[in-house]
Amino acid sequence: MAASETNAAALALQALAWTLTDSQRASRLLDLTGLDPASLRARAGEASLLAATLGFLEAYEPDLLACADALEVKPAALVAARMELERA
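All figures in this text were calculated on a predicted structure; none of them were measured in a lab.

**Student:** Describe the packing of helix 5 (residues 61-71) against helix 6 (residues 75-87), naming the residues involved and giving the relevant values.
**Tutor:** The interhelical angle for the contact between helix 5 and helix 6, taken along N-to-C directions, is 100°, at an axis separation of 8 Å. Overall, the two elements helix 5 and helix 6 adopt an arrangement that is roughly perpendicular. On the side of helix 5, the interface is formed by Leu-64, Leu-65, Cys-67, Ala-68 and Leu-71, while helix 6 contributes Pro-75, Leu-78 and Val-79. By residue class, the composition of the contact of helix 5 with helix 6 is 8 nonpolar, no polar and no charged.

Dropping the structure here:
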């Protein structure tokens, strides 16, 4: 795994953790992905799931902005991480 992929994955994991801190947001993520909590835990390190999580945040700008703020990154960094993970 290239360094940029590692950084993208680390950022996406942080975004996933942030997403799961809110029960309504977590439920929306599970509903939209069709995953259950056990599947989510089992697949949390997969690039496709991490990219989907970032795409989920991108689809609702208030969540994207809140996540970026919480992680102290620019929203564009989350978008770039998704693009990097989709290439993986």
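**Student:** Would you mind going over the pattern of salt bridges in detail, with residue names and values included?
**Tutor:** Evaluation of the coordinates by the stated rule reveals 6 salt bridges. The partner of Glu-46 in a salt bridge is Arg-43, and the shortest N-O contact between them spans 2.9 Å. Owing to a relative accessible area of 33%, Glu-46 belongs among the partly exposed residues under this scheme. We classify Arg-43 as partly exposed; its relative accessible area is 29%. Across the pair Arg-87 and Glu-84 runs a salt bridge whose closest N-O atoms are separated by 2.8 Å.

**Student:** If you had to explain unusual backbone geometry to someone new, which residues and values would you point to?
**Tutor:** For Glu-72, which is not glycine, the phi dihedral falls at a positive 60°. Within the secondary structure, Glu-72 is located in the loop between helix 5 and helix 6.

Rules used throughout
Residues numbered from 1 in each chain as written. Predicted model: local features only at pLDDT ≥ 70, side-chain atom pairs only at ≥ 80, totals over all residues. Heavy atoms only, no water. Axes fitted to C-alpha atoms, helices over the stretch in contact; angles between N-to-C directions. Helix = DSSP H or I, 4+ residues; strand = E, 2+ residues; numbered from the N terminus. Parallel < 35°, antiparallel > 145°, perpendicular 65-115°, else oblique. Contact = heavy atoms within 4.5 Å. Nonpolar A, V, L, I, M, F, W, Y, C, P; charged D, E, K, R; others polar. Salt bridge = Lys/Arg side-chain N within 4 Å of Asp/Glu carboxyl O. Buried < 20%, exposed > 50% of the residue type's maximum accessible area, 1.4 Å probe, protein only.

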